[in-house]
Amino acid sequence: MQYRLTEGSVLKNMLRFSLPYLLSCFLQTFYGLADLFITGRYNGADTITAVSVGSQVTHMLTVVIVGLAMGATVTISRAVGARDQRRAEKTIGSTISLFALFAVGTTVLLLLAAEGILSLLSTPAEAFSQARSYLTICFAGIPFITAYNVISSVFRGLGDSKSPMYFVAAAGVINVILDWLFIGPMALGAVGAALATVIAQGCSVVLALLWMRRQNLGITLRKSDLRLSGLSVLLKIGVPVALQDGFIQISFLVITAIANGRGVDVAAAVGIVEKIICFLFLVPSAMLSTVSAVAAQNAGAGLHRRSRQALVYGIVITVAVGAVFAAICQVWAEPIVRLFSKESELVVTLGGQYLRAYSLDCAIASIHFCFSGYFCAYERSVLSFVHNLISVLAIRIPGAYLASALFPDTLYPMGLAAPAGSLVSVIICLIMFLVLRKKQVF
């Protein structure tokens, strides 16, 4: 079924689209949180570090896939807004073929590179073996990760964010049950966490395929649609988004490497906080995709005023929610971290320092997330790539390194690198928007 986002209240359309998408993101992030939470209940800092490092690497891969798939979502959305059925069908067919090749190539490459990746991240010796096992299993499941996100991007391009929510909800339940079984009674440690994640992802793909057979999507694919043709617009949007998200994740991995070099307790603290931050950033992530989908359909229909309204609503909602999250973390940072580490008070203390500073980014980053979605809707995702690249290279990575070197007894200054980088991104986004608005691009 296709949903028209060019009609009715913009705010209502955004809420109808964003709430199921937000729940989907929550459940998908819940995979990692469940892994880390249950791991922390039964294991020490070495296993916690193995799971946190391994899951950060796989999360980076996932966001790159989601970024590439954003090109399909926006292209399909613009076709739906313009009521161009054949263009939507050709985009879906090309997307399937492109990502099938991507999944195969990436799986082989990363399986060969797993040990080298962990060495680059300065993974502590105590956690290295378990982290390698975790990555090997998760990399073998790349086809499932790719298939799920491609199917979801097609549904969202058609204006349907509810169906992907059902797929990942079922997988989330399976993941928690298997986490408890594999990590608890079976005592498989990091291997159990990885197995639970991959099996759950496989189940979500099977459910998605069965669901597609039952739904009337209004889409008819021909054999010729599966050719790798007409990908220029899709890649023009998707590649910069993937690179942008990839660079952000690389900055997280570099920061992880810096933390790993300071010992297993600091590594565990940073790993726990990174997982918590992923959870707190679900709202801006969901709003990025919401602004992108709603603005893209309206841009395709020539309704540019409605597209700008989507941007404004997105910023107001996400900044408000982000400010609440940041305030909560200022008061209850240590109790939040303690949920994931019951054995080490040092990990809790260090994690509390890092979370208190990092959580300020929840409100600041919300602004440039919404701008990124808006730029993508107008096929200018390269602007998002530019501001994130500047932020990462000029502020996030150097700031984290200097803070670690100058303040070895606390993680609070290191946590400030993220909000400082986001502030630079916001300034750049505002300048880009005003310049292009003056040129009547939007």
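Worth saying up front: this structure is predicted, and the values here are computed from it rather than measured. For every chain, the first residue of the written sequence is number 1, and numbering continues from 1 along that sequence. The predicted origin of the model limits local features to residues at a pLDDT of at least 70 and limits the giving and counting of side-chain atom pairs to 80 or more, whereas totals for whole chains, interfaces and linings rest on all residues. Hydrogens and water are ignored here; the side-chain numbers use all heavy atoms of the structure.

Some words on the overall build of the protein
The condition that has to hold: Numbering of helices and strands runs from the N terminus; a helix is a DSSP stretch of H or I covering at least four residues, while a strand is a stretch of E covering at least two. Within these notes, the globule rule equals 2.2 Å times the number of residues to the 0.38 power, and the radius of gyration is based on C-alpha atoms. Accessibility here uses a 1.4 Å probe with only protein chains present; expressed as a share of the type maximum, an area under 20% marks a residue as buried, one over 50% as exposed, and anything in between as partly exposed. Should any heavy atoms of two residues lie within 4.5 Å, those residues are counted as being in contact. Only the protein chains shown count as cover for residues, with accessible areas throughout obtained via the Shrake-Rupley method and a probe of 1.4 Å. Asp and Glu count as negative and Lys and Arg as positive, but His and the ends of the chain are not part of the count. Where a charge sits is defined by one atom per residue type, namely NZ (Lys), CZ (Arg), CG (Asp) or CD (Glu).
If you tally the helices and strands in the protein, you get 16 helices and zero strands. Compactness check: the protein gives a C-alpha radius of gyration of 21 Å against a globular reference of 22 Å for 442 residues, within 12% of the reference. In terms of overall dimensions, the protein has C-alpha extents of about 60 × 45 × 35 Å along its principal axes. When the 442 residues of the protein are sorted by exposure, 58% land in the buried category. At a minimum sequence separation of 6, the contacts of the protein that also span at least 24 residues come to 83%. Total accessible area computed for the protein in this model is approximately 17,000 Å², and 69% of it derives from carbon and sulfur atoms. Side chains of the protein carry 31 positive and 19 negative charges; the gap between the two charge centres is 17 Å.

Some words on the packing of aromatic side chains
Selection criterion: Paired rings are identified among Phe, Tyr and Trp, the last through its six-membered ring, by centres lying within 6.5 Å, and are further divided according to the angle between planes into stacked (under 30 degrees), edge-to-face (over 60) and tilted (the rest).
Under the criterion given, the structure shown has eight aromatic pairs. In this structure an aromatic cluster arises from ring pairing among Phe371, Tyr374, Phe375, Tyr378 and Phe433.

Observations concerning the nonpolar core
Convention followed: By nonpolar core is meant a set of buried Ala, Val, Leu, Ile, Met, Phe, Trp, Tyr and Cys residues that side-chain atoms within 4.5 Å join together.
Judged by nonpolar contacts, the single largest core of 100 residues is most densely connected at Ile272, Ile276, Tyr354, Leu355, Tyr374, Leu411 and Met414. Element by element, the count of residues in this core is highest for helix 2 (residues 45-81), at 13 residues.

What to know about the packing of helix 10 (residues 282-300) against helix 13 (residues 361-377)
Our working definition: Axes, fitted as lines to C-alpha atoms, cover a helix only where it is in contact. Angles between the N-to-C directions of the axes lie from 0 to 180 degrees. The scheme is simple: roughly parallel for angles under 35 degrees, roughly antiparallel for over 145, roughly perpendicular for 65 to 115, oblique for anything else. In a left-handed crossing the near helix is turned counterclockwise from the far helix by less than a right angle, and in a right-handed crossing that turn is clockwise.
In the contact formed by helix 10 and helix 13, the axes pass within 7 Å of each other and the chain directions differ by 30°. One way to sum up the angle between helix 10 and helix 13 is to call them roughly parallel. The element helix 10 and its partner helix 13 pack so that their crossing is right-handed. Seen from helix 10, the contacting residues are Pro284, Ser285, Met287, Leu288, Val291, Ser292, Ala295, Ala296 and Ala299; seen from helix 13, they are Ser366, Phe369, Cys370, Ser372, Gly373, Tyr374, Cys376 and Ala377.

What to know about helix 14 (residues 381-406)
Test applied: Helix span, expected: 1.5 Å multiplied by one less than the number of residues in the helix.
In a regular helix each residue adds 1.5 Å, so 26 residues correspond to 38 Å; helix 14 covers 36 Å between its end C-alpha atoms and thus fits that length. The complete set of buried residues in helix 14 reads Ser381, Leu383, Ser384, Phe385, His387, Asn388, Ser391, Val392, Arg396, Ala400, Ala403 and Ser404.

Concerning the side chain of Ser372
This is how the line gets drawn: Polar contacts, as counted here, are pairs of nitrogen or oxygen atoms within 3.5 Å of one another; within protein the pair requires one atom able to donate a hydrogen and one able to accept it, and residues that are adjacent in sequence qualify only if both atoms are side-chain atoms.
Within the element layout of this structure, Ser372 appears in helix 13. Here Ser384 takes part through its side chain, which lies 3.3 Å from a polar atom of the side chain of Ser372.

Describing the pattern of salt bridges
For clarity, the cut-off: Salt bridges are defined as contacts in which a side-chain nitrogen from Lys or Arg sits within 4 Å of a carboxyl oxygen from Asp or Glu.
One pass over the full model with this rule turns up three salt bridges. In this structure, Arg132 engages Glu115 in a salt bridge whose closest nitrogen and oxygen atoms are separated by 3.4 Å. Taken together, the positions of Arg132 in helix 4 (residues 125-140) and Glu115 in helix 3 (residues 85-120) put the pair 17 residues apart, joining distant regions of the chain. Under the relative-accessibility criterion, Arg132 is labelled partly exposed at 31%.

Structural notes on the environment of Phe252
By secondary structure assignment, the location of Phe252 is in helix 8 (residues 232-260). Measuring from C-alpha to C-alpha, the distance between Phe252 and Val392 comes to 9.5 Å, with 140 residues separating the pair along the chain. Not counting residues up to four positions away in its chain, the partners in contact with Phe252 are Gln56, Glu274, Tyr358 and Arg396.

A short note on a nonpolar patch on the surface
For clarity, the cut-off: Nonpolar side chains (Val, Leu, Ile, Met, Phe, Trp, Tyr) are joined into patches within 5 Å and like charges within 9 Å, using only residues with over 30% relative accessible area and no salt bridge.
Where nonpolar side chains cluster on the molecular surface, the patch consists of Tyr42, Trp180, Leu181, Met186 and Leu188 and spans about 480 Å² of accessible area. When you line up the elements, Met186 lands in the loop between helix 6 (162-183) and helix 7 (190-214).

Section: the packing of helix 5 (residues 142-157) against helix 7
What counts, and what does not: Residues are grouped as follows: Ala, Val, Leu, Ile, Met, Phe, Trp, Tyr, Cys and Pro are nonpolar; Asp, Glu, Lys and Arg are charged; all remaining types, including Gly, are polar.
Remark: helix 5 packs on helix 7, axes separated minimally by 9 Å, with the N-to-C direction vectors making an angle of 35°. Both helix 5 and helix 7 take part in a crossing whose hand is left-handed. From helix 5, Phe144, Ile145, Ala147, Tyr148, Ile151 and Phe155 reach across to helix 7, where they touch Val198, Gln201, Gly202, Ser204, Val205, Ala208, Leu209, Trp211 and Met212. In terms of residue class, the contact of helix 5 with helix 7 is built from 12 nonpolar, three polar and no charged.

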